[in-house]
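Chain and residue survey
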Amino acid sequence: MFPAAFQNVDMLWVIVFYFVFLPGTGCGSAEGDSCHEVKTAYMMRQIGPVELVPDRPGADDSLRVCVHSGPSCCTSKMEDSYMAAVRSETQQKMRSYSFELKYLIAGQTKAFRETFESLVSFTSNLTSTLFDSAYSALASDCRPLVFQLFSDIKRHISGNSNSTLDNSVRQFYNNLFPLVYRRLLNPGIGRMSPKTYSSPNHDDCLRMTRQDVSPFGPHPRLLVRSLSRALGVGRALSRLLALAGEVVNAAEKVTLSRECGRGLVRMQYCPHCRGMTTLRPCTGLCVNIMRGCLVGVSELGAPWGSLVVLLQRLAATLATSSNHNSMELALLAVRNQVNDGILHAQLHGPRITATVEKVCGPQAAGPKMQTANPATAHISFLSTFPSVTLQRSNKTFAPSVGPAARQRLRPQSRRSFVLKGSRGDKSRSLKKLSREFEGSIQRYRWFFSELPDMLCESEMEVEQHTCWSGQDVIESYAGRVVGSSFKAQKENPELTVRNTDPVLKGAKQRLEQLTQPTRISSISPVRAAPAKEKGSAPPRSFGDSRIQWYFSFTLPSDLLPTLSL
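Residues numbered from 1 in each chain as written. Predicted model: local features only at pLDDT ≥ 70, side-chain atom pairs only at ≥ 80, totals over all residues. Heavy atoms only, no water.

As for the overall build of the chain
Selection criterion: Comment: elements are numbered from the N terminus, with helices defined as DSSP H or I runs of at least four residues and strands as E runs of at least two. Residue contacts are defined here by distance: any two heavy atoms, one from each residue, within 4.5 Å place the two residues in contact. Only the protein chains shown count as cover for residues, and the accessible areas themselves come from Shrake-Rupley with a 1.4 Å probe.
Counting its secondary structure elements, the chain contains 20 helices and seven strands. Contacts in the chain between residues at least 24 apart in sequence constitute 82% of all its contacts with a sequence separation of at least 6. Total accessible area computed for the chain in this model is approximately 28400 Å², and 53% of it derives from carbon and sulfur atoms.

Comments concerning the side chain of Asn 186
Here is the rule: For this analysis, a polar contact is any N or O atom pair within 3.5 Å, provided that within protein one partner can donate a hydrogen and the other can accept it, and provided that sequence-adjacent residues contribute only side-chain to side-chain pairs.
Tracing the sequence through the fold places Asn 186 in the loop between helix 5 (165-185) and helix 6 (194-197). Side chain to side chain, Asn 186 and Thr 353 meet in a polar contact 3.2 Å long. If we ignore the near neighbours within four places in the chain, the residues touching Asn 186 are Tyr 181 and Thr 353.

A closer look at the packing of helix 3 (residues 76-133) against helix 18 (residues 447-457)
Stated formally: Helix axes are fitted only over the stretch in contact, all axes being lines through C-alpha atoms; the angle between N-to-C directions runs from 0 to 180 degrees. Note that the term roughly parallel is reserved for angles under 35 degrees, roughly antiparallel for angles over 145, roughly perpendicular for angles of 65 to 115, and oblique for everything else. In this scheme the handedness of a crossing depends on how the near helix is turned from the far one: anticlockwise by less than a right angle means left-handed, clockwise means right-handed. Only Asp, Glu, Lys and Arg are considered charged in this grouping, and only Ala, Val, Leu, Ile, Met, Phe, Trp, Tyr, Cys and Pro are considered nonpolar; every other residue, Gly among them, is considered polar.
At a minimum axis separation of 10 Å, helix 3 and helix 18 run at an interaxial angle of 140°. Taken together, the axis directions place helix 3 and helix 18 in an arrangement best described as oblique. Helix-helix and strand crossings are classified by hand; for helix 3 and helix 18 the assignment is right-handed. Facing helix 3, whose interface residues are Lys 93, Met 94, Tyr 97, Ser 98 and Leu 101, helix 18 presents Phe 447, Leu 451, Met 454 and Leu 455. Here the residues of the contact of helix 3 with helix 18 sort into seven nonpolar, one polar and one charged.

Examining unusual backbone geometry
Backbone geometry follows two general trends: most residues other than glycine have a negative phi, and most peptide bonds adopt the trans configuration. The backbone of Gln 46 shows a phi angle near 55°, a positive value even though the residue is not glycine. The residue Gln 46 is located in the loop between helix 2 (36-44) and helix 3 in this model. With a phi close to 55°, Ser 214 is a non-glycine residue in the positive phi region.

As for helix 18
Spacing of three or four residues puts side chains on the same side of an α-helix, whose turn is 3.6 residues. Here is the rule: A 1.4 Å probe rolled over the protein chains alone gives each residue an accessible area, and that area as a share of the maximum for its type sets the label: buried under 20%, exposed over 50%, partly exposed in between.
Taken together, the buried positions of helix 18 are occupied by Phe 447, Phe 448, Leu 451, Pro 452, Met 454, Leu 455 and Cys 456. Packed against the buried residues of helix 18 are helix 3, helix 8 (219-252), helix 11 (283-293), helix 12 (295-298) and helix 13 (301-320).

Topic: the state of the cysteines
So the rule is basically this: By disulfide we mean two sulfur atoms from cysteines, separated by a distance within 2.5 Å.
One pass over the structure, following the stated rule, counts seven disulfides. Sulfur-sulfur distance for the disulfide between Cys 74 and Cys 273 comes to 1.9 Å. Note on the Cys 74 and Cys 273 pair: the S-S dihedral is about -95°, so by sign convention the disulfide is left-handed. In this pair, Cys 74 is assigned in the loop between helix 2 and helix 3 and Cys 273 in helix 10 (residues 270-273), connecting sequence segments 199 residues apart.

Side note on the environment of His 36
Following the sequence through the fold, His 36 ends up in helix 2. Sequence separation between His 36 and Pro 57 is 21 residues; the distance between their C-alpha atoms is 9.9 Å.

Here we look at the nonpolar core
Using the following cut-off: Throughout, nonpolar core names a set of buried Ala, Val, Leu, Ile, Met, Phe, Trp, Tyr and Cys residues whose side chains join them through atoms within 4.5 Å.
One finds Phe 131, Ile 153, Leu 176 and Trp 304 to be the most contacted residues of the largest nonpolar core, which totals 126 residues. Once residues lying within four places of it in the same chain are set aside, the contact partners of Leu 176 are Phe 131, Cys 142, Leu 145, Phe 216, Val 338 and Ile 342.

Comments concerning the side chain of Glu 252
Positionally, Glu 252 belongs in helix 8. Among all residues touching Glu 252, those that are not within four sequence positions of it are Arg 95, Ser 98 and Lys 102.

Side note on the packing of helix 5 against helix 8
One can describe the packing of helix 5 onto helix 8 by two numbers: an axis separation of 10 Å at closest approach and a directional angle of 145°. Considering only the axes of helix 5 and helix 8, their crossing is right-handed. Contact residues: Leu 165, Asp 166, Val 169 and Tyr 173 in helix 5; His 219, Pro 220, Leu 223, Val 224, Leu 227, Ser 228 and Leu 231 in helix 8. Split into classes, the residues belonging to the contact of helix 5 with helix 8 amount to eight nonpolar, two polar and one charged.

Description of the packing of aromatic side chains
Two descriptors summarise a pair of aromatic rings, namely the distance from one centre to the other and the angle between the planes of the rings. What counts, and what does not: Geometry of aromatic contacts follows a simple scheme: Phe, Tyr and Trp rings, the Trp one being its six-membered ring, pair when their centres are within 6.5 Å, and the pair is stacked under 30 degrees between planes, edge-to-face over 60, tilted otherwise.
For the structure shown, the criterion picks out 13 aromatic pairs. Plain terms: the ring middles of Tyr 82 and Tyr 269 are 4.4 Å apart, the flat faces sit at 10° to each other, and that makes the pair stacked. Within this pair, whereas Tyr 82 is found in helix 3, its partner Tyr 269 is found in the loop between helix 9 (258-268) and helix 10, the two being separated by 187 residues in sequence. With relative accessibility at 0%, the residue Tyr 82 sits in the buried group.

Here's the deal with the pattern of salt bridges
Cut-off, in case you're wondering: When a carboxyl oxygen of Asp or Glu is within 4 Å of a side-chain nitrogen of Lys or Arg, the pair counts as a salt bridge.
Applying the stated rule across the entire model yields 14 salt bridges. The salt bridge involving Asp 132 is made with Arg 143; its shortest N-O contact spans 2.8 Å. Separated by 11 residues along the polypeptide, Asp 132 in helix 3 and Arg 143 in helix 4 (residues 139-157) bring together distant segments of the chain. Among the salt bridges present, the one from Arg 274 reaches Asp 472, with a minimum N-O distance of 3.7 Å. Pair noted here: Arg 274 is in the loop between helix 10 and helix 11 and Asp 472 is in the loop between strand 3 (467-468) and strand 4 (473-474), with a separation of 198 residues, a long-range link.

A word on the confidence of the model for the chain
Heads up, the condition is: For every residue, the predictor reports its confidence as pLDDT, a number between 0 and 100.
Summing up the model confidence of the chain, the mean pLDDT is 77 and the portion of residues at 70 or higher is 70%. Note on residues 1-31: pLDDT under 50 across the span, and 25 contacts to partners over four residues away in sequence or across chains. Counted against residues more than four places away or in other chains, residues 366-428, with its pLDDT under 50, gives 121 contacts.

Description of helix 7 (residues 200-213)
Put simply, the rule is: The span expected for a helix works out to 1.5 Å for each residue beyond the first. In this scheme, the bend at a residue equals the angle between the axes fitted to the seven residues that finish there and the seven that begin there.
The end-to-end C-alpha separation of helix 7 is 19 Å, in line with the 20 Å expected for 14 residues at 1.5 Å each. Helix geometry: helix 7 is bent most strongly at Arg 207, by close to 30°. Looking only at helix 7, the buried set comprises His 202, Asp 203, Cys 205, Leu 206, Thr 209, Arg 210 and Val 213. In this fold, the buried residues of helix 7 make contact with helix 5, helix 8 and helix 15 (349-360).

Brief notes about the environment of Lys 487
Counting through the fold element by element, Lys 487 comes out in the loop between strand 4 and helix 19 (502-514). Separated by 10 residues in the primary sequence, Lys 487 and Val 497 place their C-alpha atoms 9.6 Å from one another.

Quick look at the structure:
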């Protein structure tokens, strides 16, 4: 009895050894000669109609990918279903990995846009109050001009390719000149009857000759320079954020080639054909196939890394910009530049009038208008910006300004207006927003370079002593693991890579154009701050780059407007 029992035990161990340690010799399902486990996995993953899965393994000469000399639980129609499923699964995994990056870019793009629009809206209203308080004769007609100017500024900051500050400022001053000429320099022309005292032809002549007459002095040119320098960072950030969003969307929608689909099926589902539904692919096999499938995504790695560095530098510049480059100060200064230009015109009124009459002819006189009092031009105002000091320069006003008005202006010209803001002000949130974005985006510098390998990490979560080589069950992958570049993929032992996705190729070209070294160097690191003070903050660290920067921003020469004002 005991010998028979021992024989039964020995036979049991033989059976266990056959199905556990030698699963490659046949179907590894619980029933041995059944495809029940394959059908269950097929149904649970919703790959296709479960009726396509046979009840028992058999021979199918029509198999093209999961070819096997022994019995198989797969059919050619199942291979087609596996092909569609594995493509969808891979793209879904890519979307899940890029979700946080996509959310970060979309959220920061919206936050920066709203902050910029808030700043522009506030300074637009602030500039309009200049005419309401100091030049009431111009207020109603100048309000649309101010609105148009700041609308153009908002489009410029948003990265609109058709927007130029040079044209916007020129158009503003061209339209402002006829109003200043008729109502301030020559108030006798009047505004009581525009049809009688104002000719469209005469106004057109004033607009066309404004640059030659230069009634507003250097202030239009100075305004363009200050805006170009200070708003260039925000404009570049807006454009690069838009580009980053386009690149992420293009990578998510990458088209996986048929050769890639065959490789993915061989890696993921061919073990199912033998009943091994829980066997994982070898790491080397997965890396080779994923790098081959996503070679176009990997090619984005280098220019994307340059884009992230550039975004970090732009954010750091916004967060640490001095008064010289401050966006808030530049926008606030529009009011003063416009006012100083009008005061310059009043000071040189006789010369301007003589020149205009020679070119455009005299204008008929009308009811005399009250001359605006420049004494109220520079008024103190409350702001929602943080404490900022606006330096005032000494001005000489037109002879029409009386001694009393000059006396009132002299004390103001020697003092500064301190703008105190609330705790929730937009300018402070701009600096905070920039610092947060600078720290967040650096984590994604190598995202596209590492994405194929990250997709394989999800496949390797379960440790196993054996793995699937693409052909059989082995202990370790013996093939060569190639690099992720297109050139390295020529040696890929698992699949043939012929070309990259044209959409990704176009995205790479746009990245390279906007992140070329000449543009990156335009936001250049400097070794030390101009003044060395005790207790000063250390330079900002950029994590993986191990580089410490102080930032200064200078626009590339090809982005600077031609100052013809």
